[in-house]
Amino acid sequence: MLQHVLLAEPPKPPKPRPLDPLVPTVFHERWWLDAMAGERLQEVTVSSGGRTIGRLPFVMRRRPGGRTLCEMPTLTHFLGPAIDAGSGNAANRALKQAQITRELLQQLPRSGGFHQRLHRGIEEVMAFQENGFSASVDFTFELHPTDEDLLWKGMRDKTRNMIRRARTLYTAEQIDDPEIFAALYAGNLRARGTDSYYPPEEIIRLVSAAQVRDQGRVLAARAEDGSLVAAIFYVWDSRSAYYLLSTRLPDSDNSAVSLLLWEAICHGNAEGRIFDFDGVSSQGNRVFFTGFGGVIRPRYVVTRQTMLYRLAEMATHRCKALLRR
């Protein structure tokens, strides 16, 4: 069912919620992990005085040839250790965080590989490196809460013009039926000759779980003829909103998505949340995201592979490359 909402009026700010260090992002929340991992979810923990002070969720995935990979659940864009280092001074908290991280890593089950993209609260990865992990850096764009007029003025002229143009062509509305979004997402990929990386049932399950908890929203752009041109799905926690999925008709430009992103940004901004564009994967989306202003922030990625796992992965990639010739 499609429900039209007046997006121009910002929602009333919610009562502030204290940040739980053991649940630093929406991706660490139990409902998210249950929706995306279910019975496959595993977690190592560290306790002190009968109280949990560290946790690291993960799933084990079996790769071709029987190789095992310890990684994040589907559609989980950030994860990593969640640590309560107490209330001491900064130096003592840093040492305690490193010790808890080491204890978590030492409990991980044996696997051929490990891969996680760490949340914004992880500011250094020396404890990972000390335990044989490699670290690299991804980047994302963040928009921090401020006056909405300043956000608008901080964008590139081209982006503002795209949004103005989209307002004359499309109506932005909220979609309450997850199946409509999943079908639109898969259909647009098929039209491009590409299969969806995410099964529709997983998208439906996640969108449903987020909507029930008022922690996720699907926005769509509808043309005058009633057709859906584009849609986005974003989620949030007490501190940040994350741009997770988007789709648009193959013959459409980015103006409809720009309009929907602006509405999502305004929604999060009205509630005092950072808007996280959730990664920069190509030069194209870097240019697109830059148009909204904001700042570039690093996100650490940690990996570890056995030699056998690395050799098997290299052989698999070579075989795929030969098949594509």
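Residues numbered from 1 in each chain as written. Predicted model: local features only at pLDDT ≥ 70, side-chain atom pairs only at ≥ 80, totals over all residues. Heavy atoms only, no water.

1. A few points about a nonpolar patch on the surface
Judged by side-chain polarity, Val137, Phe139 and Ile296 come together as a nonpolar surface patch covering roughly 240 Å² of accessible area. Mapped onto the fold, phenylalanine 139 is located in strand β7 (residues 134-143). Accessibility expressed as a relative area gives 41% for phenylalanine 139, which makes it partly exposed. (Patch = residues over 30% accessible without salt bridge, like charges linked within 9 Å, V, L, I, M, F, W, Y side chains within 5 Å. Areas by Shrake-Rupley, 256 points an atom, 1.4 Å probe, with all protein chains shown as cover. Salt bridge = Lys/Arg side-chain N within 4 Å of Asp/Glu carboxyl O. Helix = DSSP H or I, 4+ residues; strand = E, 2+ residues; numbered from the N terminus. Buried < 20%, exposed > 50% of the residue type's maximum accessible area, 1.4 Å probe, protein only.)

2. Some points on the nonpolar core
In this structure, Ile232, Leu261, Phe275, Phe277 and Phe292 are the most contacted members of the largest nonpolar core, which totals 33 residues. Excluding residues that lie within four positions of it along the chain, phenylalanine 275 makes contacts with Phe141, Glu142, Leu143, Ala241, Tyr243, Leu261, Ala264 and Ile265. (Core = buried A, V, L, I, M, F, W, Y, C linked by side-chain atoms within 4.5 Å. Contact = heavy atoms within 4.5 Å.)

3. Considerations on the packing of helix α5 (residues 157-169) against helix α8 (residues 255-270)
Relative to each other, α5 and α8 sit at 100 degrees, their axes nearing to 8 Å. Looking at the two axes, α5 sits roughly perpendicular to α8. Counted together, Met162, Ile163, Arg165, Ala166 and Arg167 of α5 and Ser255, Ala256, Ser258, Leu259 and Trp262 of α8 form the full contact between these two elements. Of the residues contributing to the contact of α5 with α8, the split by class is 6 nonpolar, 2 polar and 2 charged. (Axes fitted to C-alpha atoms, helices over the stretch in contact; angles between N-to-C directions. Parallel < 35°, antiparallel > 145°, perpendicular 65-115°, else oblique. Nonpolar A, V, L, I, M, F, W, Y, C, P; charged D, E, K, R; others polar.)

4. Regarding helix α2 (residues 90-106)
Helix length check: α2 (17 residues) gives 24 Å between terminal C-alpha atoms against 24 Å at 1.5 Å per residue, within 8%. If you check which residues of α2 are buried, you get Ala98, Ile100, Thr101, Leu104 and Leu105. An end-on view of α2 places all buried positions within 165 degrees of arc, on one side of the element. Set apart from the buried face of α2 by more than 90 degrees, the exposed residues are Leu95 and Gln106. For α2, the elements touching its buried residues are β2 (41-48), β3 (51-62), β5 (82-83) and α3 (126-130). Where α2 begins, the side chain of asparagine 89 points an oxygen toward the backbone nitrogen of alanine 91, at a separation of 3.2 Å. (Expected span 1.5 Å × (residues − 1). Arc of directions from axis to C-beta. Polar contact = N/O pair within 3.5 Å; in protein donor to acceptor, adjacent residues only side chain to side chain.)

5. A look at the packing of aromatic side chains
Evaluation of the coordinates by the stated rule reveals 19 aromatic pairs. Residues phenylalanine 78 and tyrosine 242 carry aromatic rings whose centres are separated by 6.1 Å and whose planes lie at 50 degrees to one another, so their mutual orientation is tilted. Here phenylalanine 78 is found in the loop between β4 (68-71) and β5, whereas its partner tyrosine 242 is found in strand β11 (residues 240-248), with 164 residues between them in sequence. In terms of burial, phenylalanine 78 and tyrosine 242 fall into one category: buried. Ring centres 5.5 Å apart and planes at 45 degrees place the aromatic pair tyrosine 234 and tryptophan 236 in the tilted group. Counting every residue linked through ring pairs, the aromatic cluster contains Phe141, Tyr243, Phe275, Phe277, Phe288, Phe289 and Phe292. Against the face of phenylalanine 78 rests arginine 299, its NZ or CZ located 5.3 Å from the ring centre. (Phe/Tyr/Trp six-rings, centres within 6.5 Å; stacked < 30°, edge-to-face > 60°. Lys NZ or Arg CZ within 6 Å of the ring centre and 35° of its normal.)

6. Considerations on the side chain of serine 240
Here serine 240 is to be found in strand β11. For serine 240, the contacting residues outside a window of four places in its chain are Arg120, Val235, Arg273 and Ile274.

7. Side note on empty space enclosed by the protein
What the rule picks out here adds up to 1 cavity of 30 Å³ or more. In this structure, the largest cavity occupies an estimated 50 Å³ of space. As for the largest cavity, its lining consists of Gln97, Ala98, Thr101, Ile122, Glu124, Val125, Met126, Ala127 and Phe128. Mapped onto the lining of the largest cavity, the elements with two or more residues apiece are α2 and α3. Its residues assigned to classes, the lining of the largest cavity shows 6 nonpolar, 2 polar and 1 charged. (1 Å grid on protein atoms, 1.4 Å probe; cavity = no way out; pocket = protein on both sides within 12 Å on 5 of 7 lines; lining within 4 Å. Points joined across faces, edges and corners; volume = space filled by probe spheres on them.)

8. Considerations on the layout of surface pockets
Reported here for the largest pocket is a volume of approximately 1,200 Å³. Lining the largest pocket are 38 residues; nearest its centre among them are His77, Tyr185, Tyr198, Leu244 and Leu245. Elements with a minimum of two residues in the lining of the largest pocket: β3, β6 (113-117), α6 (178-191), β11 and α9 (283-290). Here the lining of the largest pocket takes 6 residues from β11, the largest share from any one element. In terms of residue class, the lining of the largest pocket is built from 18 nonpolar, 11 polar and 9 charged.

9. A closer look at the environment of arginine 61
Within the secondary structure, arginine 61 is located in strand β3. For arginine 61, the contacting residues outside a window of four places in its chain are Arg67, Thr68, Leu69 and Glu71.

10. Here we look at the confidence of the model for the chain
Caution applies to low-pLDDT regions: their predicted coordinates should not be interpreted in detail. Across the chain, the average pLDDT comes to 90, with 89% of residues at or above 70. Element-level mean pLDDT values for the chain span from 48 in strand β1 (residues 2-3) up to 98 in β5. Counted against residues more than four places away or in other chains, residues 10-16, with its pLDDT under 50, gives 8 contacts. (pLDDT = per-residue confidence, 0-100.)

11. Details of the pairing of β4
Relative to β4, β3 is paired through 4 bridges, and the arrangement is antiparallel. Each residue of the ladder has a partner; that of arginine 61, found in β4, is leucine 69. One ladder, built from 2 bridges, connects β4 with β6; its direction is parallel. In the strand pairing of β6, leucine 69 is matched with glycine 113. (Pairing = 2+ DSSP bridges.)

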